[in-house]
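Structural description and commentary
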Amino acid sequence: MSAKIAGTRIAGVVSARDSRHGLWFLPLLVGLIGGVALAATAADFATTQNLLNLAAQAAPLLLVSIGQMLVVLVRGLDLSVGSVISLSTAILSIDAPATVTIPAVFVMALAVGLVNGVAVTRFHVHPIIATLSVTGIAQGITMLVRPVAGGTIPPIVTVLVNGEFLGIYMPLIWVVVAILAGWKLIHGSRFGLHLFAIGGGDTADTFGIASRRNILLAYVACSTFAALAGMFLAGRIASGDPNIGTQYAVDSITAVALGGTQLAGGIGSLQGTVIGTLLLSMLANGMNLLNVSSFVQTAIKGLILLAVIAIQPRKTIGL
Amino acid sequence: MRGALKKFGVGLLFATTMLVGAASAQDVQLMNGVVPRPGDDRKTELDQFKKDGPWKIGMSHFGVNANTWTVQMAHEAEAAAKLDPRIGQFILLDANISQAKQVADIEDLIAQKVDAIIVTPLTPTSADAGIEKAVAAGIPVIVHTGLTGTDKYTVDIQGGGEHFGKVMGDFLVKKLGGKGNIWVLRGLPAHPEDINRYKGLQEALKGTDIKIVAEDAGKWQYDTGKQVCETFYLNNPEVDGIWSSGADMTRACMDVFQQYGAKIPPITGEGNNGFFGKWIETGIDSIAPEYGPEQGAAGVRAAEALLEGKQLYKRYVYEPDGWDIEMAKKHYRPDLSANVWFPTSLSEADLQKYYGKN
């Protein structure tokens, strides 16, 4: 009898592990413990001002990570998000009206997403190789458009990022809108369901799911989210910067993996990605408040990525 | 008569107040060679930022490990803060050459309710929003080693990058008799200091027949500078002079010429121990414009003065004359590594700790 109960329990655990949403509750637990520890050790952590700062600091990573998650769900990786961010800030800093530069950013994102998607789905290039190549191309164009940081960002962008709407701090609105959009895409649409199905096995096509089209759309959506992150960052720094996106490819993959999304595809959740992003941002913010060197911060982020990836066997991920 | 006396008394009081005010601002010696910007008499108010200790001072550094100079500038700031027992906490945040991180760092310093913030901006816009927020929150902000787009800061100490570049440019113009081909080794792309130094060079070259035949960013680093210089040399070793925006790159370029057994052309340097050693050893034609990492300490001294309630000018400049080889001999320290920069206010113990060869 007891063996039967134990068996049921194990089955329950296995079932939870294999659930589509992944292990998002573990990072949530870590985040809660970390948050309480930070509030106890860093006097200024839990203040309203710092929490608003945290929202502004987390917003660009959250945007990129939601996009990255869409690609990871279909067993891909997008390393070009960083260069899309840099190129977005570069385009926005061109001396041209906002009616030109803002649409140009999204046209660029669409083009990058299409190239990535076509390379992966039509030419069967490994996602890492495809997006790394596109990274080089986008970075080269960025250096042509804005070789050094500078320029002026359209006032509408800086207002949208730094201003307030009905007394609400704009970065908070960005965070909420990003989460709602991500939720709709991932958990509230047929597209999201298809991504889980495609990532879950090789049989999606047999159920009438157009894998190629959905994978291509995932790359396009990922680039679009990266472009939005670039727009947010351009508003924050009030200029274009050819190198500002450098860290975001690794950081977004870390946030997604940290949130329980399996790099092997098919398993993950938006709540996990949000938690992963908040954890990383809280780590940077908290360590600043605790006066920890930025080099130690970088090393700790690397260790976290290593720990998270180590849980996901290389053979399963297919890297 | 009484009215006249009253007017005289009021006038005397006003004049005295003005004189005392001016004297207070002038009394504060931030660093040798740092003087109020000519033509700009704006000052902080007496006691405007006065606070009792212990003080919490924050610093947002654009990139501590960008090169050996930036490392020492951070050491100078920390050492100056340690000297003053009224500074209870000195928080140094490193933006690690990231504009986004610098914005976040300044926000985090404001959230920690520091009593003063020292900012060395990465680019002319990377710190603007943070500076304006801090000043709006009543926190005095001292800016040095970099430009800002805003003028909302409390005190600004500008090292005169344009002056620095012009001193070097003028030296080459003089050495080359106003005619010839030069190479240009630039610093960190987009850094305001690099932009300004280059402007100074262009100013010096105006109306001359000196041509820039090769130009690239050595990022103020020995390794990158050496790669750039080696590429230039292998492409065409014929050059009449070299304008180097920083001494680590100068040393690297001198090493390239020595490696190929070639004569080193006139080359500009900087107040760096490694460069001084090579300069003295080779006796080459050079000049070392002054741009001391002691500015890190000057920023802390400005913060201390403001929190003591002293009056400071809003803007200071740091544009001393260039150093010749005699000055280099006077400062050269063979017992210290090549990574020490001058002028410095580090104690002998700190110099030995960070740079001692033994």
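Just so it is clear, the model here is predicted, and its values are computed rather than measured. (Residues numbered from 1 in each chain as written. Chains lettered and ligands numbered in written order. Predicted model: local features only at pLDDT ≥ 70, side-chain atom pairs only at ≥ 80, totals over all residues. Heavy atoms only, no water.)

What follows concerns the overall build of chain A. Along its length, chain A carries 14 helices and two strands. Looking at chain A as a whole, 52% of its 319 residues are labelled buried. Contacts in chain A between residues at least 24 apart in sequence constitute 79% of all its contacts with a sequence separation of at least 6. Accessible area for chain A stands at about 14100 Å²; split by element, carbon and sulfur atoms hold 73% of it. (Helix = DSSP H or I, 4+ residues; strand = E, 2+ residues; numbered from the N terminus. Buried < 20%, exposed > 50% of the residue type's maximum accessible area, 1.4 Å probe, protein only. Contact = heavy atoms within 4.5 Å. Areas by Shrake-Rupley, 256 points an atom, 1.4 Å probe, with all protein chains shown as cover.)

It is common to report an interface's size as the accessible area lost on association of the parts. All names here are of chain B. What the domain assignment lists for chain B is domain 1 (23–159 + 293–320) and domain 2 (161–287). For domain 1 versus domain 2, the separation of C-alpha centres amounts to 30 Å. Each partner contributes residues to the interface: domain 1 has 16 residues there, and domain 2 has 12 residues. The interface formed by domain 1 and domain 2 holds four residue pairs in polar contact (both at pLDDT 80 or more) in total. Across the side of domain 1 that touches domain 2, the residue classes tally to nine nonpolar, six polar and one charged. (Domains from an automatic or database assignment. Polar contact = N/O pair within 3.5 Å; in protein donor to acceptor, adjacent residues only side chain to side chain. Nonpolar A, V, L, I, M, F, W, Y, C, P; charged D, E, K, R; others polar.)

What follows concerns the packing of helix H8 (residues 247–259) of chain B against helix H9 (residues 273–282) of chain B. Each packed pair of helices is defined by two parameters, the angle between the axes and the distance between the axes. Residues and elements named next belong to chain B. One way to put it is that H8 packs onto H9 with a least axis distance of 9 Å and a crossing angle of 40°. Considering their axes alone, H8 and H9 lie oblique with respect to each other. In this structure, the crossing between H8 and H9 has a hand that is left-handed. Taken together, the residues of H9 that come into contact with H8 (itself represented by Ala247, Thr250, Arg251, Met254, Asp255 and Gln258) are Gly274, Phe275, Lys278, Trp279, Glu281 and Thr282. (Axes fitted to C-alpha atoms, helices over the stretch in contact; angles between N-to-C directions. Parallel < 35°, antiparallel > 145°, perpendicular 65-115°, else oblique. Left-handed = near helix turned anticlockwise from the far one by under 90°.)

So, about the environment of Lys179 of chain B. All names here are of chain B. Tracing the backbone shows Lys179 in strand S7 (residues 179–186). Here Lys179 falls in the exposed class, since its relative accessible area comes to 60%. Non-local contacts of Lys179, meaning those with residues more than four positions away in its chain, are made with Asp209 and Ile210.

Residue and element names in this part refer to chain B. Within the element layout of this structure, Glu290 appears in the loop between strand S11 (286–287) and helix H10 (295–308). For the buried Glu290, which has no salt bridge, the nearest side chain bearing the opposite charge is Arg301, at an N-O separation of 10 Å. One polar contact links Glu290 to Tyr318, side chain to side chain, over a distance of 2.7 Å. Only 3.0 Å separates the side chain of Glu290 from the side chain of Trp323, close enough to count as a polar contact. (Lys, Arg positive; Asp, Glu negative; His and termini not counted. Salt bridge = Lys/Arg side-chain N within 4 Å of Asp/Glu carboxyl O.)

Pairing of strand S1 (residues 34–36) of chain B with strand S12 (residues 315–318) of chain B involves three bridges; the strand directions are antiparallel. Bridge pairing links Val34 of chain B to Tyr318 of chain B in S12 of chain B. (Pairing = 2+ DSSP bridges.)

Our focus in this paragraph is the UniProt feature "transmembrane region" (unreviewed entry) in chain A. Residues and elements named next belong to chain A. Here, UniProt's "transmembrane region" (unreviewed entry) annotation points to residues 24–46, 97–118, 125–145, 165–186, 216–238 and 289–311. Secondary structure within residues 97–118 divides into 95% helix and 0% strand; the distance between the first and last C-alpha atoms comes to 32 Å. Annotated as residues 216–238, this span is 96% helix and 0% strand, and its ends, taken at the C-alpha atoms, are 32 Å apart. (UniProt positions renumbered as here; feature names shortened; annotations may be inferred.)

Core analysis: the largest hydrophobic core is formed by 88 residues, its most contacted members being Phe90, Ile182, Trp183 and Phe257 of chain B. Sort the elements by how many residues they give to this core and H10 of chain B lands first, with eight residues. Among all residues touching Trp183 of chain B, those that are not within four sequence positions of it are Val213, Ala214, Cys229, Phe232, Tyr233, Asn236, Pro237, Val239, Gly241, Ile242, Trp243 and Phe257 of chain B. Counting residues in hydrophobic clusters, the runner-up holds 79 residues, among them Met69, Val157, Val175 and Phe225 of chain A. (Core = buried A, V, L, I, M, F, W, Y, C linked by side-chain atoms within 4.5 Å.)

So, about a nonpolar patch on the surface. Taken together, the side chains of Ile94, Ile137, Ile141, Leu144 and Val145 of chain A make up a nonpolar region of the molecular surface, amounting to roughly 450 Å² of accessible area. Overall, the relative accessible area of 72% leaves Leu144 of chain A in the exposed class. (Patch = residues over 30% accessible without salt bridge, like charges linked within 9 Å, V, L, I, M, F, W, Y side chains within 5 Å.)

Here we come to the environment of Met254 of chain B. Residue and element names in this part refer to chain B. Within the secondary structure layout, Met254 lies in helix H8. In this structure, the C-alpha to C-alpha distance between Met254 and Trp279, residues 25 residues apart in sequence, is 9.4 Å. Setting aside residues up to four positions removed in sequence, Met254 forms contacts with Ile264, Ile267, Phe275, Lys278, Trp279, Thr282 and Ile284.

We now examine the interface of chain B and chain A. On the chain A side, the residues contacting the 25 residues of chain B number 25 residues. Of the roughly 2000 Å² buried at the junction of chain B and chain A (both faces included), carbon and sulfur atoms supply 46%. There are three salt bridges connecting chain B and chain A. Across the salt bridge formed by Asp44 of chain A and Lys56 of chain B, the nearest N and O atoms sit 3.8 Å from each other. The interface formed by chain B and chain A contains nine residue pairs in polar contact (both at pLDDT 80 or more). Broken down by secondary-structure element, the contributors of at least two residues to the side of chain B that touches chain A are strand S3 (87–94) and helix H3 (99–111) of chain B. Looking at the side of chain B that touches chain A, the element that brings in the most residues is H3 of chain B, giving 10 residues. For the side of chain B that touches chain A, the class distribution of residues is 11 nonpolar, six polar and eight charged. (Buried area = accessible area lost by both parts, 1.4 Å probe.)

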